[in-house]
Amino acid sequence: MPAEPASLDMNKTKILIFPLDIDDADTFIRVANALDIETVGASSAMAGPGEKAVDHFIRLPFVTDPAFDQALQRALDQHAVTTAYAPHQGVWRHLDTLLKIQPDRFRFTLCRPDPFSATQQRFAPHEAWAALASSGTPLAGLAEPQAIRPPLSPARYSALHRQFLSIPGDSDVGKLRALCDIARLLPPGDLLEVGCLYGRSAFALGYLASRYTLGSVICVDPWNTAELTDQGAAAAIINAELANTDIDSEKIFRVFLNAVALLENVGYIRKTSENAQGEYEAAIRSGALHSPELGSIPIGGQLSLLHIDANHRYDHVRRDVEIWSPYLAAGGWLLLDDYVWAFGDGPRRVGDELLSSPLYDSAFVGGDTLFLRRTDVN
C-alpha cells in the first residue's frame, strides 16, 4: 500500500521544488519562506539557483533520463525531503506514478492538485465572478434602457477581475462590480481619483473608461509619506505607519506605474489634493496632462467620475469634495471610499451630509464605497 502522507510539521518539513525554473515555483518559494519551511530547489536545466531564494540547490537529470529515479531517491535521502512540489505537469505525473508503483522506495508527500488542475482552480473564481457580473439588472431605474451601454462580455469581466485582484490594494470586488455597472451610464469626461496607492481601482477605471470611450483617468497622489497627515484617533494603527522607515514611497509609486502603464488613458499628478488642483487647471487650459513614463493624455475639463480615497479624516474628506466636486458633470458620480470603515467615520459623516444635498439624486453603497450621482448643476 502507498505510504501515508506525512503531517505538515513546520520544524521537520523539507520541501523539494522541482523543476525550479518554472514560474509558479517563485510564488511557492515565497510562501515557503514566509512559513520558515526549508526548501531544496532542483533543476535539470539550471546550473545553480540563480535568484531563486531556496535553502539548497541540486541538479537532477530530466525525468526522461533512465537515471532520474535513482538520482531522485539519492536526493530525497541526502536532504531528508518530506514533501515535493512539482509545477510541471509531466514531472508531477512522473512523481505521482513513482509514489503509486513504488511506495516503499519513495516515501514523500506530493503537493496536490496537479499543475493543470491547479491552473483551472486559479481561474475558476474569475469566471464565477464574471457570471455574476453578467447577470441581473443592477442599473434598473437609474437610466432609460436605451441610454445604458452594453455590459462587458463574460471573458472581459473575468480578465478584468483577474487583473484587478493581481494589483495590491483594499478596493474589493463589490466596488469593482459597482464600477463596471456605473461605467455603462457615465457621461463623457475625465475620471479623477484622489488617493491611488498601488493603483488597483485606477486600473479598473482606466480600463472601463477606455472600453466605453469616456475620457482620461487622472490619479492624484503625492506618493510621499512625508506629505501625509494622520487620519484621526480611531486610525491610530494606520497613523503609526507614517513613521515606518521601512515603507518606501518610491517603491509604492513604481508598483502603481506597473499597474497602469499599459493603459493609454491614465496619467497622474504627484501632489496632494490641494496642490494638484492648479496642475489640473493648467492641464485644462492646455488640453493635455503629461506624466513622466506614461506620456500625455487629453483633458476635457469636467469630471465624469470623482473617486475620493485619500486621508479619511472628516476635514480632509470634506476638503477633497470641496476642491473637486465643482468639476463634476451633471450625471457624473462621486465615490467616497470607506464609507463603511473600521478606523473612523470621516467618509460616512461627509457622505451622510451629501445624501441630504439637492446636488445628488441617487445613491447606493457598493463594497465599502458610497456612490452618489450628481444632479443637473445648472
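The sections below set out a description of the structure shown in this document.

Quick notes on the rules
- Residues numbered from 1 in each chain as written.
- Predicted model: local features only at pLDDT ≥ 70, side-chain atom pairs only at ≥ 80, totals over all residues.
- Heavy atoms only, no water.
- Helix = DSSP H or I, 4+ residues; strand = E, 2+ residues; numbered from the N terminus.
- Expected span 1.5 Å × (residues − 1).
- Buried < 20%, exposed > 50% of the residue type's maximum accessible area, 1.4 Å probe, protein only.
- Arc of directions from axis to C-beta.
- Polar contact = N/O pair within 3.5 Å; in protein donor to acceptor, adjacent residues only side chain to side chain.
- Contact = heavy atoms within 4.5 Å.
- Axes fitted to C-alpha atoms, helices over the stretch in contact; angles between N-to-C directions.
- Parallel < 35°, antiparallel > 145°, perpendicular 65-115°, else oblique.
- Left-handed = near helix turned anticlockwise from the far one by under 90°.
- Nonpolar A, V, L, I, M, F, W, Y, C, P; charged D, E, K, R; others polar.
- Phe/Tyr/Trp six-rings, centres within 6.5 Å; stacked < 30°, edge-to-face > 60°.

Comments concerning helix 9 (residues 249–260)
Point 1. For helix 9, built from 12 residues, the straight-helix expectation of 16 Å at 1.5 Å per residue is met to within 8% by its first-to-last C-alpha distance of 17 Å.
Point 2. Looking at helix 9, one finds that the buried residues are Ser249, Ile252, Phe253, Phe256, Leu257, Ala259 and Val260. Along the axis of helix 9, the buried positions cluster into a sector of 160°, meaning they face one direction only. In helix 9, the exposed residues that point more than 90 degrees away from the buried face are Lys251 and Asn258.
Point 3. The backbone nitrogen of Glu250 has a side-chain oxygen 2.9 Å away, supplied by the residue at the start of helix 9, namely Asp248.

Observations regarding the side chain of Lys14
Point 1. If you trace the backbone, Lys14 turns up in strand 1 (residues 14–17).
Point 2. A relative accessible area of 14% places Lys14 in the buried class.
Point 3. Non-local contacts of Lys14, meaning those with residues more than four positions away in its chain, are made with Glu38, Val40, His79, Ala80, Val81, Thr82 and Thr83.

Some words on the packing of helix 4 (residues 115–134) against helix 6 (residues 173–182)
Point 1. At a minimum axis distance of 11 Å, the contact between helix 4 and helix 6 shows a crossing angle of 45°. As the angle between them shows, helix 4 and helix 6 are arranged oblique. By crossing handedness, the relation of helix 4 to helix 6 is classed as right-handed. For the pair helix 4 and helix 6, contact is made by Trp129, Leu132 and Ala133 and by Val173, Leu176, Arg177 and Cys180, respectively.
Point 2. Tallied by class, the residues present in the contact of helix 4 with helix 6 amount to 6 nonpolar, no polar and 1 charged.

Quick look at the packing of aromatic side chains
Point 1. What the rule picks out here adds up to 14 aromatic pairs.
Point 2. Judged by centre distance (5.0 Å) and plane angle (55°), the ring pair of Trp223 and Phe253 falls under tilted. Taken together, the residues span a long stretch of sequence, with Trp223 in the loop between strand 7 (217–220) and helix 8 (236–239) and Phe253 in helix 9 at a distance of 30 residues. In terms of burial, Trp223 and Phe253 fall into one category: buried.
Point 3. Where Trp223 meets Phe256, the ring centres are 4.5 Å apart and the plane angle is 40°; that geometry is what we call tilted. Here Phe256 lies in helix 9 and Trp223 lies in the loop between strand 7 and helix 8, a separation of 33 residues in the sequence.

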